[in-house]
Amino acid sequence: MAYARKHGVYLTDSQGFVLDIYYQGTEEEIQRCTRPDGQVPLVSGIAFFSVETAEHLLATHVSPPLDACTYMGLDSGARPVQLSLFFDILLCMARNVSREDFLVGRPPEMRQSDTDITGYLQGARAELWRELRDQPLTMAYIPDGNYSYMTNSASEFLHSLTCPGAPGAQVVHSQVEELQLLRAGSSVISCLLEGPVLLGPGSVLQHCHLQGPIHIGANCFVSGLDTAQSEALHCLELHNLVLQGHHVRLYSNPVRAFTLVGRLDSWERQGTGTYLNMPWSEFFQKTGIRNWDLWDPDTPPTERCLLSARLFPVLHPSRALGPRDMLWMLDPQEDGGEALCAWRASWRLSWEQLQPCLDRAATLASRRDLFFHQALQKARSVLEAQQDLSLCPLIRAAVREGCPGPLLATLDQVAAGTGDPGVAARALACVADVLGCMAEGQGGLRSGPAANPEWTRPFSYLEYGDLAGGVKALAQERDKWLSRPALLVRAARHYEGAGQILIRQAVMSAQNFVSMEPVALPATGQWVVAECPARVDFSGGWSDTPPLAYELGGAVLGLAVRVDGRRPIGARARRISEPELWLAVGPQQDEMAMKIVCRSLEDLQDYCQPHAPGALLKAAFICAGIVHVSSKLSLREQLLRTFGGGFELHTWSELPHGSGLGTSSILAGTALAALQRAAGRMMSSEALIHAVLHLEQVLTTGGGWQDQVGGLMPGIKVGRSRAQLPLKVEVEEITVPEGFVQTLNDHLLLVYTGKTRLARNLLQDVLRSWYARLPAVVQNAHSLVRNTEKCVEAFHQGSLSLLGQCLTLYWEQKKLMAPGCEPLVVRRMMDVLAPHVHGQSLAGAGGGGFLYLLTKEPRQKEALEALLAKTEGLGNYSIHLVEVDTKGLSLQLLENETST
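Description of the structure in this document.

### Points about the overall build of the chain
Point 1. In terms of helices and strands, the chain carries 32 helices and 34 strands.
Point 2. The C-alpha radius of gyration computed for the chain amounts to 38 Å, which surpasses the reference 29 Å derived for 900 residues by more than 25%, pointing to a less compact arrangement than a globule.
Point 3. Taking the principal axes of the C-alpha coordinates as reference, the chain spans close to 120 × 70 × 55 Å.
Point 4. When the 900 residues of the chain are sorted by exposure, 52% land in the buried category.

### Considering the sheet that holds strand β6 (residues 192–194)
Point 1. Reading across from one edge, β4-β6-β9 is the order of the three strands in this open sheet, with parallel pairing throughout. Of all the strands in the sheet, just β4 (175–176) and β9 (209–211) have a single pairing partner and so form its edges.
Point 2. Judged from the two bridges that link them, β4 and β6 form a sheet pairing that is parallel. Paired with V176 across the bridge in β6 is L193.
Point 3. Against the sheet, helix α14 (residues 360–384) engages β4, β6 and β9, with an angle of about 60° to β6.

### Overview of the nonpolar core
It is characteristic of soluble globular proteins that their nonpolar side chains tend to be buried jointly.
Point 1. Counting 175 residues, the largest nonpolar core has F538, L559, L581, I626, F647, L744 and F795 as its most contacted members.
Point 2. With twelve residues, the top contributor of residues to this core is helix α20 (residues 485–507).
Point 3. Apart from residues lying up to four places away in sequence, L559 is in contact with A534, R535, V536, F538, G710, G715, I716, K717, L744, L748, F795 and V884.
Point 4. L158, L161, V197 and W280 belong to the second-largest nonpolar core, a separate cluster that totals 53 residues.

### Concerning the sheet that holds strand β10 (residues 214–216)
Point 1. Judged by pairing direction, the sheet is parallel, and its three strands sit side by side in the order β7-β10-β12 without closing on themselves. Each having just a single partner strand, β7 (197–199) and β12 (237–238) make up the two edges of the open sheet.

### Focus on α20
Point 1. Here α20 spans 33 Å end to end across 23 residues, near enough to the 33 Å set by a 1.5 Å rise per residue.
Point 2. For α20, the tally of buried residues reaches 18 of 23 residues, placing the bulk of the element in the interior.

### Comments concerning the pairing of strand β1 (residues 8–12)
Point 1. Counted residue by residue, β1 has four buried out of five residues, so it is predominantly covered.
Point 2. Across five bridges, β1 lies against strand β2 (residues 18–23) in antiparallel orientation. Bridged to L11 within β2 is D20.

### Comments concerning helix α9 (residues 280–287)
Point 1. Among the residues of α9, those classed as buried are W280, F283, F284 and T287. The buried residues of α9 occupy one face: seen down the axis, they fall within an arc of 100°. When the buried face of α9 is taken as reference, the exposed residues oriented beyond 90 degrees from it are S281 and Q285.
Point 2. Packed against the buried residues of α9 are β15 (274–275), β16 (278–279), α10 (291–294) and α12 (338–345).

### Here we look at the pattern of salt bridges
Side chains bearing opposite charge may pair, as long as their charged atoms lie close to each other.
Point 1. Under the counting rule described, the total for this entry stands at 38 salt bridges.
Point 2. Notably, a salt bridge pairs E496 with R446, separated by 2.6 Å at the nearest N-O pair. Of this pair, E496 sits in helix α20 while R446 sits in the loop between α17 (421–438) and α18 (456–463); the two residues are 50 residues apart in sequence, bridging distant segments of the chain. Across the pair, exposure class does not vary: E496 and R446 are buried alike.
Point 3. With a shortest N-O distance of 3.0 Å, D831 and R827 are connected by a salt bridge. Here D831 pairs with R827, and both are found in helix α31 (residues 824–833), just four residues apart, close to one helical turn.
Point 4. One connected set of salt bridges, linked through shared partners, spans D433, R446, E496, D765 and R768.

### Quick notes on the packing of α18 against α20
Point 1. Closest axis-to-axis distance for the α18/α20 pair is 10 Å, and the angle between their directions is 15°. In terms of orientation, α18 and α20 fall into the roughly parallel class. Handedness of the α18/α20 crossing: right-handed. Note on element contacts: α20 touches α18 through H494, G497, A498, I501, L502, R504 and Q505, opposite F459, L462 and E463.
Point 2. The residue makeup of the contact of α18 with α20, split by class, is five nonpolar, three polar and two charged.

Basis of the calculations
- Residues numbered from 1 in each chain as written.
- Predicted model: local features only at pLDDT ≥ 70, side-chain atom pairs only at ≥ 80, totals over all residues.
- Heavy atoms only, no water.
- Helix = DSSP H or I, 4+ residues; strand = E, 2+ residues; numbered from the N terminus.
- Rg over C-alpha atoms; globule rule 2.2 N^0.38 Å.
- Buried < 20%, exposed > 50% of the residue type's maximum accessible area, 1.4 Å probe, protein only.
- Pairing = 2+ DSSP bridges.
- Contact = heavy atoms within 4.5 Å.
- Axes fitted to C-alpha atoms, helices over the stretch in contact; angles between N-to-C directions.
- Core = buried A, V, L, I, M, F, W, Y, C linked by side-chain atoms within 4.5 Å.
- Expected span 1.5 Å × (residues − 1).
- Arc of directions from axis to C-beta.
- Salt bridge = Lys/Arg side-chain N within 4 Å of Asp/Glu carboxyl O.
- Parallel < 35°, antiparallel > 145°, perpendicular 65-115°, else oblique.
- Left-handed = near helix turned anticlockwise from the far one by under 90°.
- Nonpolar A, V, L, I, M, F, W, Y, C, P; charged D, E, K, R; others polar.

As structure tokens, this is what we get:
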């Protein structure tokens, strides 16, 4: 009620129609406006005009004298007229207001002395009444709402910038070294605070770069100070004060000035007034300053107020000014009046005189520089401390303000100076984001190839472990690609390619957990056959993908499965007498396979190009240690010296390309297992999991560990990796109630959607979002890991309904992780199947391939085939039986050469 006496309030009827608007109304008028909750509806700055009302209002812009409110009338020589939105335009629609009262009234903004325009205003109001009187005016009341007006009160200003009841301090766009020194209810806005800076409750620091030790007590506002002025605050404790630094221009000369006032000081011209929260008389006695220092002798006593007092030095004859030129007034020292003499010797201005001299352009430039200074410090801290905070807002701000250079330099320094490949890779990914942002949405797709020969030299530094040299060479090359959007986007792709090198090196640490045992060497010509089931991921996918696997920590629950009763993935290897490598990729029948013969090391050089014929098989020979591509010995010499001949390796998969069932990783596992056994070595399944991680990095396809865990290890299990390097995967078998595996087999189906999974850019997009630490992606990644643990519990309980809930949530999580992974035809198919299943998800990364279902009823293959047959537009789908495989990887030595 007390607040309403100083402002405008609405009087409404029971239906919300406005009857009148009171400004600084009497207690009786305000009482009439009181609502049942005891509150009164304040006039706020928001007004909504319907189309009809807006048309009526716009129609007045050509009608005299209202045309004088627009440039059309002003440019025609009309006398300017000022109208109030609330007390002219809206008031004429209030139902209790009569025409006579409206015409003779005047808005609060008009001074009593403005009598010469009264008649002019009446004409304008008459025109408004004619156009708008019939328009209904209603009020929307917001319960528990509040409205803060901008006033001259420092207390109200501080209240608007702080959260008095908050448990901690509010820190916005700031970097603070010692957060624990910020007291509850304080605020720090666009500041850089180095060292111990204590900020009391209810106080605000804004646009400051301070170096402690500094103690700012309660209810203070400090703004516009930098490190040069920090020393002036040492050994002081401020309370209830407003200290500001200003950029001032005096006769075209830029200077710094500083003002100091009390929080409780009044800026009104009426009354006795105060300064530094004390009466003027007490201030004069304390400081030695006299009346005539502040006001001319002929200034009337009523005009002697804080606004007109020449308190603030702006120029000293022999030195630059600082905060001490004001702060001495708080505690005048026994210095023989030196501070007072220096103050009197300065050219001083009053607050009123100072305002026209403020250099707003310099102020904004200074604030911008400080914002980016603290932001760069914060970016460095976020990266080096590996915090889950996104730098995207800073990147966008730097590019839009036209100053990406300092940000790029900071990112280069972080990448070159860290010993952590994860930190360096994220810094390079941020550089890529800066370049992409500079392209402003032009220049083509962000995802794409990164093998331009111009970038070979920087990449080679990274490949050989010279991180600082690589970052420097990358920056040198980058400078040549900044001239247009297409080049910027291509440079961004190559920075992401550089990040992939560092990811690859981090994942290579999995080699620490690869070990082999020597066994009897099979006879020349004797086949070693490795066969594997496929895998189905039930929860946690994407958390196993580097760098998430070692930065967040991964957890994936997967099932080894037979498809239509068959183990669809396999490899076979044998030694041959010829010192060559015979490779075959395709079905088990030799005549249909693609065959490659490698007779020299040159034939193996494309092992790191995933789309090259036989690249996976070539990489398998290298990772198995059978061939060393950098050796001075020829391929023939290496094979004869170690094995007395060469090898034949044949891999196959009965699953379609892009199935989502983990084919390529499992295929790499079978190839390695068969090769190692043919070479007289054995690897455990745990070692093989890490060997596949290594192989996929050598192959440069990347990827995580869930596929090989799902297919090489038998049954139902959960794989986990901790948020650390070296990358180690630990596998736990999941125990389920007796008979539940058969129940699962009866309720689990695979549907091949007929859509080949086009996931080429999915991985790049996900890694880009993770490195950017987009809040939704970070939250979703943590949720993926949590859902895995819930899924483990559902298997322990043997609950199909709980598993269905986990599957449904898992699919939603996949879509958040990789938007666009759900084709329209798949969505249509899932909608048709939804009433008949506990849960469903596309396998792997999504985008196509296999859909797996947990049906409500057992053995539903034929029923669902009939259901889908009635649905148009689903394409060439097919439904397949699936069952849990309890064997995992199997290795078999065949008796003789002809047994295949």
